[in-house]
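Structural description and commentary
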Amino acid sequence: MLSVLRVHLPSDIPIVGCELTPYVLVRRSDKSVITEDVPESAPLDGHFLRYKWYRIQSDRKVAICSVHPSEQATLQCLGCVKAKLPNTKSYHCSPKCFSDAWQHHRVLHERAASSVNENGNEEEEIFGRFNSTGSGVINTSLTGTQGNPSLANGATALYPVAVTQRGGETWFEVGRSKTYTPTADDIGHVLKFECVVVDAESKVSVGHSSTLHTARVIPAPSPTPRQLISISGVDMPGHLDVDGRLSSAGTFTVLSYNILADSYATNDLYSYCPSWALSWTYRRQNLLREIVGYRADIVCLQEVQSDHFEEFFAPELDKHGYQALYKRKTAEVFNGNINLNDGCATFFRRDRFSHVKKYEVEFNKAAQSLTDAVVPSTQRKTALGRLIKDNIALIMVLEAKFSNQGVDNPGKRQLVCVANTHVNVQQDLKDVKLWQVHTLLKGLEKIAASADIPMLVCGDINSTPTTAPHALLAMGKVDQMHPDLAVDPFGILRPITKLTHQLPLVSAYSSFARPGVGLGLEQHRRRMDPTTNEPKFTNYTRDFTGTHDYIFYSADSLTVESLLELLDEDSLRKDTALPSPEWSSDHIALLAEFRCKPRTRR
């Protein structure tokens, strides 16, 4: 027969909307040990496993601190109550907690006072559409089945079943499957998981049940919403739900975001982030909520693991109307599970664009061709060892389905070329970074030469605005005295005069810093570096603060209408960095709204 040796959870802290999957260790009659599920439909050794989840309730529901979600709240902000903000935003565990968080917290009050929409529904205007429980959990953070807890957490919709236990506790049965997704009703309560071996013929349980208890369920922390800011100085309305405005105005939005692959999100690297907030089950839901909330027409993601693309992002974003394309990094260097290898994923809304063509750039292949052409045979193996780093780029050509006002040739197709890339991270390989960017740009030049088409270059360039890769992108060339050019052991950058391109690329976020644009953008300009006209940071960790992420566009065919506001250090907790419970990547998302310029007849 079967016997359960052990049950445990990867994290003891359950979060609303994040699936709990216990680890169950089972011994078979032949003494072998397995971790696979043994359902009633496929018994093993004449037995199967039966699961139940309970919510343990006392007479008093416990409020959770909005800043430190593992702590019980002891006070509530009356300003939040008066402003009709969600209760979960108003709780704090101590006066010091409230005082430390005030600079960030008061922004909620200010936006509540200034963001009342025409119907007077300020709560929805600021925080999005909430479920009917009033818990402050945004519906877009949920998976497709989660809206029906009884169906999502077991096939039998007979819950709750009350079981009174010793000490005045009441257990409500909330699930009958191995996994369970906490709901808003569970906030502040402890969950109990029960696993028992059952005889397949008699359906009678055998032996003792194995159980575990969680910590109290906490609401999913949510950051202060980021607004879309017109570079004319007029804030875009609401919470980016601007589909009607975009469609009628003939503009489109592009999001670029390095989401931090789970394989890199280790406790050693990000020890300052609570383990529950670093877990993939939490981060994937928080990332999905954020990405969907931006409602971008084109979404360029980097560091997307192969298995996460196939099993999560592609199907989940499909529900929101997105078509997906993916390019995994090559695997000459990577020697782990190929499904854990990451890559670039590009999504576009089917109602806004259609797919025309896809190009895949594998820098490893380009490295082989380069070394064969310019590196002496005695040095090729060493040169390839330096150049082959598995990085890639995904390029696709899309056709717009919306009209572009003011176009002289209304019958002509409006195409857009979008490049999504992630350049090598190693800071000592300055020659490799520059060569990868140059290789990508030469490929884009060929596409531009074949068609009259606007260009967008999105991604994590892993280079700050003072480096040669940024100079090549933004200026079309690299100064021959640039210090980065001193690192070129195999002469792959020679002659330096070849380091040029003819694409009229401009960084979208430099629009914030343009003189004479927008009279009310001072606070946003303060988040820009005046010496580089780029954000002060797009990557914010304990070890590094700086800009690695960009959206470049061809200025002869596109104009920037608005930009997603940048984060500043005050909006991040003073005692932490990224990732955090609120923001689930160590990078921040960039988003720009573009309009195609009218094209003249030729």
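Residues numbered from 1 in each chain as written. Predicted model: local features only at pLDDT ≥ 70, side-chain atom pairs only at ≥ 80, totals over all residues. Heavy atoms only, no water.

The name that an unreviewed UniProt entry assigns to the protein is poly(A)-specific ribonuclease, with the source organism given as Cinchona calisaya. UniProt, in the comment section headed Function (unreviewed entry), describes the protein in these words: "Acts as a catalytic component of the CCR4-NOT core complex, which in the nucleus seems to be a general transcription factor, and in the cytoplasm the major mRNA deadenylase involved in mRNA turnover." Recorded under Subunit (unreviewed entry), the UniProt text for the protein is reproduced unchanged: "Component of the CCR4-NOT complex, at least composed of CRR4 and CAF1 proteins." (UniProt positions renumbered as here; feature names shortened; annotations may be inferred.)

1. Comments concerning the sheet that holds strand E11 (residues 228–230)
With respect to topology, 7 strands assemble into an open sheet ordered E11-E26-E27-E12-E13-E15-E14, the strand pairing being mixed. At either margin of the open sheet sits one strand with a lone partner, and together these are E11 and strand E14 (322–328). Each strand of the sheet is rotated relative to its neighbour by a mean of 25 degrees, with strand direction disregarded. Relative to strand E26 (residues 558–564), E11 runs antiparallel, the two being bridged by 3 bridges. (Pairing = 2+ DSSP bridges. Helix = DSSP H or I, 4+ residues; strand = E, 2+ residues; numbered from the N terminus. Axes fitted to C-alpha atoms, helices over the stretch in contact; angles between N-to-C directions.)

2. Some points on the pattern of salt bridges
Under the defined criterion, the tally for this structure stands at 20 salt bridges. When the shortest N-O distance is used, the salt bridge between Arg350 and Asp318 registers 2.1 Å. Taken as a pair, Arg350 in the loop between strand E15 (342–349) and strand E16 (353–362) and Asp318 in helix H9 (residues 306–319) lie far apart in primary sequence, 32 residues in all. By relative accessible area, Asp318 is classed as partly exposed at 39%. Among the charged side chains, a salt-bridge network with shared partners connects Lys327, Lys358, Glu360, Glu362 and Lys365. (Salt bridge = Lys/Arg side-chain N within 4 Å of Asp/Glu carboxyl O. Buried < 20%, exposed > 50% of the residue type's maximum accessible area, 1.4 Å probe, protein only.)

3. Notes on the confidence of the model for the protein
Looking at the protein as a whole, its pLDDT mean stands at 85, while 84% of the residues score no less than 70. Every residue in residues 117–151 scores below 50 in pLDDT, and together they form 70 contacts with partners more than four places removed in sequence or on other chains. Note that pLDDT drops below 50 for residues 233–248; the model gives that stretch 40 contacts with residues more than four away or on any other chain. (pLDDT = per-residue confidence, 0-100. Contact = heavy atoms within 4.5 Å.)

4. Concerning the pairing of strand E2 (residues 23–27)
As judged from the 5 bridges shared by strand E1 (residues 3–8) and E2, these two strands associate in the antiparallel manner. Along E2, the bridge assignment pairs Ser3 with Arg27. Sheet topology places E2 next to strand E3 (residues 33–34); 2 bridges connect them, and they run antiparallel. Counterpart to Arg27 in the pairing with E3 is Val33. Taking the residues between adjacent antiparallel strands as the criterion, E2 and E3 are bridged by 5 residues, where Lys31 takes a positive phi near 75 degrees.

5. Quick look at the sheet that holds strand E19 (residues 455–460)
Pairing is mixed across the open sheet formed by 6 strands, whose spatial order is E16-E17-E18-E19-E25-E20. Each edge of the open sheet is held by one strand with a lone partner, namely E16 and strand E20 (505–507). Direction aside, the axes of adjacent strands within the sheet are offset by 20 degrees on average. As paired elements, E19 and strand E25 (residues 549–554) share 5 bridges and run antiparallel to each other. Counted as the bridge partner of Val457 is Phe552 from E25. Along the sheet, helix H10 (residues 363–374) contacts E16, strand E17 (392–400) and strand E18 (415–422); its crossing angle with E16, the most-contacted strand, is approximately 45 degrees. Packed on one face of the sheet, helix H13 (residues 468–475) meets E19, E20 and E25 and runs near 25 degrees to E25.

6. A few points about the packing of aromatic side chains
Here the structure, examined in full by the defined rule, presents 20 aromatic pairs. On the numbers, 5.6 Å between centres and 85 degrees between planes, the contact of Phe252 with Phe353 is edge-to-face. With Phe252 in strand E12 (residues 251–258) and Phe353 in strand E16, this residue pair connects regions lying 101 residues apart in the sequence. Consider the rings of Phe353 and Phe402, whose centres lie 5.5 Å apart with planes at 85 degrees: the pair is edge-to-face. Separated by 49 residues along the polypeptide, Phe353 in strand E16 and Phe402 in the loop between E17 and E18 bring together distant segments of the chain. On the basis of relative accessible area, Phe353 is assigned to the buried category, the value being 1%. (Phe/Tyr/Trp six-rings, centres within 6.5 Å; stacked < 30°, edge-to-face > 60°.)

7. Things to note about H13
Counting buried positions along H13 yields 6 of 8 residues, so the element is predominantly enclosed. Structurally, H13 contributes buried residues whose contacts are with helix H12 (430–450), E19, E20, strand E22 (534–535) and E25. Looking one or two residues past H13, Gly476 carries a phi angle of roughly 80 degrees, positive in sign.

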